[in-house]
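Next come the chains, spelled out residue by residue.
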Amino acid sequence: MKATAHRGEIIKEAIKASGVAIGIVAEKVGVSRKTLYNKFKESSIPYSFILRLGEVIHHDFSQEFPHLSKSVKKEPPLPQAQVINNLQLPFDSEPDEAPKPQLSSPAEHESELVLLQRKYIALLEKFNELLLKTS
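The structure reproduced in this document is the subject of the present report.

Reading the values: the criteria
- Each chain has its residues counted from 1, running along the sequence as written.
- Local features in this predicted model are restricted to residues of pLDDT 70 or higher, and side-chain atom pairs are both shown and tallied only at a pLDDT of 80 or more, whereas totals for entire chains, interfaces and linings draw on every residue.
- The side-chain quantities take in all heavy atoms of the structure and omit both hydrogens and water.
- A pair is scored as a salt bridge if a Lys or Arg side-chain nitrogen falls within 4 Å of a carboxyl oxygen belonging to Asp or Glu.
- When a residue's accessible area, from a 1.4 Å probe over protein chains only, is under 20% of the maximum for its type it is buried; when over 50% it is exposed; and in between it is partly exposed.
- Strands here mean DSSP runs of E at least two residues long; helices mean DSSP runs of H or I at least four residues long; both are numbered from the N terminus.
- Two residues qualify as a contact provided that any one of their heavy atoms is within 4.5 Å of a heavy atom in the partner residue.
- Given the number of residues in a helix, its expected span is that number minus one, multiplied by 1.5 Å.
- By definition, the arc is the one covered by directions from the helix axis to the C-beta atoms.
- To get an axis, fit a line to the C-alpha atoms, keeping to the stretch in contact for a helix; angles then go from 0 to 180 degrees between the N-to-C directions.
- With respect to orientation, any angle under 35 degrees is reported as roughly parallel, any angle over 145 as roughly antiparallel, any angle of 65 to 115 as roughly perpendicular, and every other angle as oblique.

### So, the pattern of salt bridges
Side-chain pairs of opposite charge can arise where the charged atoms are in close proximity. In the structure shown here, the tally under the stated rule is 2 salt bridges. Between Glu42 and Lys39 there is a salt bridge, with the nearest N and O atoms lying 4.0 Å from each other. Taking relative accessible area as the criterion, Glu42 reaches 31% and is therefore assigned partly exposed. One salt bridge in this structure joins Arg52 and Glu55, with 3.3 Å as the shortest N-O distance. Of this pair, Arg52 and Glu55 are both found in helix α4 (residues 47–57), 3 residues apart, which corresponds to roughly one turn of the helix. Judged by relative accessible area, which is 32%, Glu55 ranks as partly exposed.

Take a look at the structure:
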């Protein structure tokens, strides 16, 4: 998918396809109907909002935004890390092309995947805590 995809149009079509009423979606996401309709006009909606919307309408946006893939298995929670005061989440901007690490053995690949999985789960847990605090 192109980086120039209109995110508002994508979420509008996903909501329409879900069959869930706009008023219910807006309420569960924590915005007004008017705000949600205004989001449809925006081309650069934060990915954190898109993820939350996906949870509400039971839609996996990883087809439209591959870097938002949720194919990570649940592992035991990690110890609490330091609190980040910046509310801009790393995935709210366009994904950067990260340099690929030079791994030589399958064991190194597996340990790298486990590390990334743990970081991802920790980020999701922080995100859920933030959602609970704001709702």
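### Description of the side chain of Lys39
On the secondary structure map, Lys39 appears in helix α3 (residues 33–40). Apart from residues no more than four positions distant in its own chain, Lys39 is found in contact with Gly8, Ile11, Ile45, Pro46 and Phe49.

### What about helix α1 (residues 7–18)?
Over its 12 residues, α1 runs 16 Å from end to end, which matches the ideal 16 Å to within 8%, given 1.5 Å per residue. Among all positions of α1, only Arg7, Gly8, Ile10, Ile11, Ala14 and Ile15 are buried. End-on, the buried residues of α1 take up no more than an arc of 160°, which puts them together on one face. In α1, those exposed residues whose orientation departs by more than 90 degrees from the buried face are Lys16 and Ala17. Buried residues along α1 sit in contact with α2 (22–29), α3 and α4. Directly after α1, the chain includes Gly19, whose backbone phi takes a positive value near 80°.

### Description of the packing of α2 against α3
Across the interface, α2 lies against α3 with an axial gap of 8 Å and an inter-helix angle of 95°. Considered as vectors, α2 and α3 are oriented roughly perpendicular to each other. Residues Ile22, Gly23, Val25 and Ala26 of α2 form the contact with α3, whose participating residues are Arg33, Leu36, Tyr37 and Phe40.

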